[in-house]
Amino acid sequence: VEAPEAAILAGQINEKLSGRTVTEVIAAQTPHKFAWYYGDAQAYRAAMVGKEFGPARRIGGYIEVAVEDYVLLLGEGINLKYIGPGEDLPRKHQLLIGFDDESCLVVSVRMYGAMMLFPADPPEFSFSLYYNSAKDKPQVMLPEFTEEYFLGLIDAPGAGKKSAKAFLATEQTIPGLGNGVLQDILYNARIHPKTKIALLDDGQKQQLYRCIVDTLNAIYENGGRNSETDLYGRAGGYVPFLSKDT
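The shown structure was predicted, so the numbers you read here are calculated from the model rather than taken from an experiment. (Residues numbered from 1 in each chain as written. Predicted model: local features only at pLDDT ≥ 70, side-chain atom pairs only at ≥ 80, totals over all residues. Heavy atoms only, no water.)

Caption draft 1: Spatial organisation of the overall build of the protein chain. Counting its secondary structure elements, the protein chain contains seven helices and seven strands. Whereas a compact globule of 246 residues would reach a radius of gyration of roughly 18 Å, the protein chain reaches 19 Å, a difference of no more than 12%. When contacts within the protein chain are restricted to residue pairs at least 6 apart in sequence, those whose partners lie at least 24 apart make up 65%. Summing over all exposed atoms, the protein chain offers an accessible surface of approximately 12000 Å²; the carbon and sulfur share of this is 51%. When the 24 basic and 31 acidic side-chain charges of the protein chain are each reduced to a single mean position, those positions are 8 Å apart. (Helix = DSSP H or I, 4+ residues; strand = E, 2+ residues; numbered from the N terminus. Rg over C-alpha atoms; globule rule 2.2 N^0.38 Å. Contact = heavy atoms within 4.5 Å. Areas by Shrake-Rupley, 256 points an atom, 1.4 Å probe, with all protein chains shown as cover. Lys, Arg positive; Asp, Glu negative; His and termini not counted. Charge placed at Lys NZ, Arg CZ, Asp CG, Glu CD.)

See below:
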């Protein structure tokens, strides 16, 4: 899940589930070695049942959902699926949240994924440095992510030694921008992934900024990448120029 898909999923949660009352929570029903919870997963039910779900927002590549005095953080390699009233529930899942209209939100993990529930007003937690870092930075795809801000990142001490790929997709320089969208951004900018940042001229830096904004917006406007699914199980309509299939 990267920034465009996280934005889509957060919006769909707000449209379909925000304001609903949680009536049931089942956590860790299907064991998964790389399914990450905060604290005891079996405590999630007592913490959430009877509380209002939502609103949701995107933080980098995470979906952050308010549950009154708690926050539910969803991210990494997860699948979210809305199950309507009367529809069959999947047998396997890592988190299931039921609502007062008998609908459900089902979270399943691919290779690895995070479903962390923690108090809404905590001290800084160390469980996710990426999340804590993302909260404090301008969000890509929003007006606050300006060209001036980006040029400040690219001209910062030490950035010039990195390759274009390392600069964009490591150390959360731009939260929510990772390997899944990196290749198309660089392809559109006509910059080789191994090119050192120090070798880019001012025009290429400005072009790279425009391609970040334009590529991520194109993914969002097309419903996500075709390798990802939305809350209703629909694959995105954006076909990457560079992917495992091309």
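Caption draft 2: Summary view of the packing of aromatic side chains. Tallied over the entire structure, the rule returns 13 aromatic pairs. Ring geometry for Tyr62 versus Tyr131: centroids 6.0 Å apart, planes at 75°, classification edge-to-face. Of this pair, Tyr62 sits in strand 4 (residues 62-67) while Tyr131 sits in helix 3 (residues 129-135); the two residues are 69 residues apart in sequence, bridging distant segments of the chain. By the ring-pair criterion, three or more aromatic residues cluster together here, those being Phe145, Tyr149, Phe150, Phe167 and Tyr209. Across the ring face of Tyr187, the terminal group of Arg190 is positioned such that the distance to the ring centre comes to 4.9 Å. (Phe/Tyr/Trp six-rings, centres within 6.5 Å; stacked < 30°, edge-to-face > 60°. Lys NZ or Arg CZ within 6 Å of the ring centre and 35° of its normal.)

Caption draft 3: Spatial organisation of the pattern of salt bridges. This structure, assessed with the given rule, holds 11 salt bridges. For the salt bridge of Arg45 with Glu24, the shortest nitrogen-to-oxygen distance reads 2.6 Å. With a gap of 21 residues between them, Arg45 in helix 2 (residues 44-48) and Glu24 in strand 1 (residues 22-27) connect regions that are remote in the sequence. Residue class for Arg45 comes out partly exposed when judged on its relative accessible area of 41%. (Salt bridge = Lys/Arg side-chain N within 4 Å of Asp/Glu carboxyl O. Buried < 20%, exposed > 50% of the residue type's maximum accessible area, 1.4 Å probe, protein only.)

Caption draft 4: How the structure looks around the packing of helix 6 (residues 179-189) against helix 7 (residues 202-221). Contact pair helix 6 / helix 7: the axes reach a minimum separation of 9 Å and the direction vectors enclose 130°. Our classification of the angle between helix 6 and helix 7 gives oblique. The two elements helix 6 and helix 7 cross, and the hand of that crossing is right-handed. For the pair formed by helix 6 and helix 7, the contact residues are Val181, Asp184, Ile185, Leu186, Asn188 and Ala189 on the first element and Gln207, Leu208, Cys211, Ile212, Thr215, Leu216 and Ile219 on the second. Of the residues belonging to the contact of helix 6 with helix 7, the class tally is nine nonpolar, three polar and one charged. (Axes fitted to C-alpha atoms, helices over the stretch in contact; angles between N-to-C directions. Parallel < 35°, antiparallel > 145°, perpendicular 65-115°, else oblique. Left-handed = near helix turned anticlockwise from the far one by under 90°. Nonpolar A, V, L, I, M, F, W, Y, C, P; charged D, E, K, R; others polar.)

Caption draft 5: Structural context of helix 1 (residues 3-16). Relative to the 20 Å expected for 14 residues at 1.5 Å per residue, helix 1 spans 20 Å between its end C-alpha atoms, a close match to the ideal helical length. A large share of helix 1 lies buried, amounting to 10 of its 14 residues. Those residues of helix 1 that fall on the buried side of the exposure criterion are Ala3, Pro4, Glu5, Ala6, Ala7, Ile8, Leu9, Ala10, Gln12 and Ile13. (Expected span 1.5 Å × (residues − 1).)

Caption draft 6: Expanded view of the side chain of Gln172. Counting through the fold element by element, Gln172 comes out in the loop between helix 5 (164-169) and helix 6. Setting aside residues up to four positions removed in sequence, Gln172 forms contacts with Tyr130, Ser133, Ala134 and Lys137.

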